[in-house]
Amino acid sequence: MKIDLEKAKNILSEKFSFNADFLYSTVEKLKLKKNVRILDIGTGYGVMSIILALQGYKVTTGEPEGHNWAKWRESAKKLSVEDLITFKFFRAEDLPFEDKSFDAVFCYTSFHHIDDKKSALREFIRVIKEKGLIIIFEFNSAGVEVVRQRRPSHPDAVDPEVFSQNLPLSLEIEKGKFVNAFIFMRN
Ligand SMILES: C[S@@+](CC[C@H](N)C(=O)[O-])C[C@H]1O[C@@H](n2cnc3c(N)ncnc32)[C@H](O)[C@@H]1O
């Protein structure tokens, strides 16, 4: 059974629907081949992995052991996409993957939670192939405001470009309503 985005939004909660259209269209615009290897950093609610899986991509995703952020697998099961998603515990700063093993790394509202952002970005570069992509979605000020209504202590968003200085990356930015997409290409 293939589920389209509108049905998925009806089945899952507001946490999924919140930025689903922007995430989905940003992935579509990248025109990645269907057999690419994709890594998703910071599984959380599984939103990013599910958006990718809904478009037919296989995804490896993970977060540090002990985080147990959310029951992402239940959401993936509801949409019959769990078989496309492989979970592994890892820290973004020390990824358990070989050099140049992925075509794209996605990171949806996880970057501001990572302690050592510069090391994480270096790791993302290490594990992607030449001309590979790193797509970091970070909240803009409207997004931080909405999230703080639920969780007043939510950390500030960060500007990934600040951490990319002197790294072999070029950058394009797509602006969304609540998050912006920082699309880095490995030079
Ligand atoms: C708000 S959630 C991200 C939402 C998620 N990307 C989604 O699509 O539903 C933040 C995530 O960052 C993860 N995280 C925090 N520190 C991390 C680190 N050092 N390495 C990898 N993930 C980390 C947390 O475990 C959590 O899964």
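Conventions adopted
- Sequence order sets the numbering: in each chain, residues are counted from 1 along the sequence as written.
- With the structure being a predicted model, the display of local features is reserved for residues of pLDDT at least 70 and the display and counting of side-chain atom pairs for 80 or more, all residues being used for whole-chain, interface and lining totals.
- Here a strand is any run of E in DSSP of at least two residues, a helix any run of H or I of at least four, and the numbering for each starts at the N terminus.
- Here the C-beta atoms are placed from the backbone, and a residue counts as buried if at least 20 other C-beta atoms lie within 10 Å of its own, exposed if 12 or fewer do, and partly exposed otherwise.
- Strand pairing is assigned whenever DSSP identifies at least 2 bridges connecting the two strands.
- A crossover counts as right-handed when, viewed with the strands pointing away from the observer, the path leading from the first strand over the helix to the second turns clockwise.
- For helices, the axis comes from a line fit to the C-alpha atoms of the stretch in contact; other axes are also lines fit to C-alpha atoms, and the angle between any two N-to-C directions lies between 0 and 180 degrees.
- We call a set of buried Ala, Val, Leu, Ile, Met, Phe, Trp, Tyr and Cys residues a nonpolar core when their C-beta atoms link them within 7 Å.
- By the convention adopted here, residues make contact when the C-beta atoms placed from their backbones lie within 7 Å.
- This arc describes the spread of directions from the helix axis toward the C-beta atoms.

Asks: Please provide a residue-by-residue account of unusual backbone geometry, values included.
Replies: Look at K31: it is not a glycine, yet its phi comes out positive at around 50°. Examined against the element boundaries, K31 turns out to sit in the loop between α3 (20–30) and β1 (38–41). Despite not being glycine, S80 has its phi angle at roughly 60°, a positive value. Along the chain, S80 falls in the loop between α5 (72–78) and β3 (85–87).

Asks: I'd like a description of the pairing of strand β5 (residues 128–139), backed by residues and values.
Replies: Judged by how many residues are buried, β5 sits mostly within the fold: nine of twelve residues are covered. Sheet topology note: the strand β4 (residues 102–108)/β5 ladder contains six bridges and is parallel. By the bridge assignment, V105 is partnered in β5 with I134. Chirality of the crossover, the property in question, places the unit of β4, helix α6 (residues 117–127) and β5 among those that are right-handed. Alignment of β5 against strand β7 (residues 179–186), held across seven bridges, turns out to be antiparallel. Opposite F139, over in β7, you have V179 as the bridge partner.

Asks: Please give an account of helix α4 (residues 47–54) that cites residues and values.
Replies: In terms of burial, α4 is largely enclosed, as eight of its eight residues are buried. Looking at α4, one finds that the buried residues are V47, M48, S49, I50, I51, L52, A53 and L54. Positive backbone phi, at 90°, marks G56, one or two positions downstream of α4.

Asks: I'd like to hear about the sheet that holds β1, residue by residue, with values.
Replies: Taken in spatial order, the seven strands of this open sheet run β3-β2-β1-β4-β5-β7-β6, and their pairing is mixed. The sheet is open, and its two borders are formed by β3 and β6 (169–175), each paired with just one other strand. Neighbour-to-neighbour, the strand axes of this sheet turn through a mean angle of 20°, independent of strand direction.

Asks: Quick rundown of the nonpolar core? Include the residues and the values.
Replies: Among soluble globular proteins, nonpolar side chains are generally buried collectively. Core analysis: the largest hydrophobic core is formed by 49 residues, its most contacted members being L52, A53, V105, F106 and I135. Of all the elements in the fold, those that place two or more residues in this core are α3, β1, α4, α5, β4, α6, β5 and β7. Aside from chain neighbours lying at most four places away, what touches V105 is L39, I41, F124, V127, I128 and I134.

Asks: An account of α3 is needed here, citing residue identities and associated values.
Replies: Two residues of an α-helix separated by three or four positions point the same way, owing to the 3.6 residues in each turn. Every buried residue belonging to α3 is among L23, T26 and V27, and all of these are buried. Angularly, the buried residues of α3 cover 100° about the axis, an arc narrow enough to put them on a single face. Turned more than 90 degrees from where α3 packs its buried face, E28 and K29 sit exposed. The inward-facing, buried residues of α3 abut α4, β4, β5, β6 and β7. Downstream of α3 by one or two residues, K31 has phi in the positive range, about 50°.

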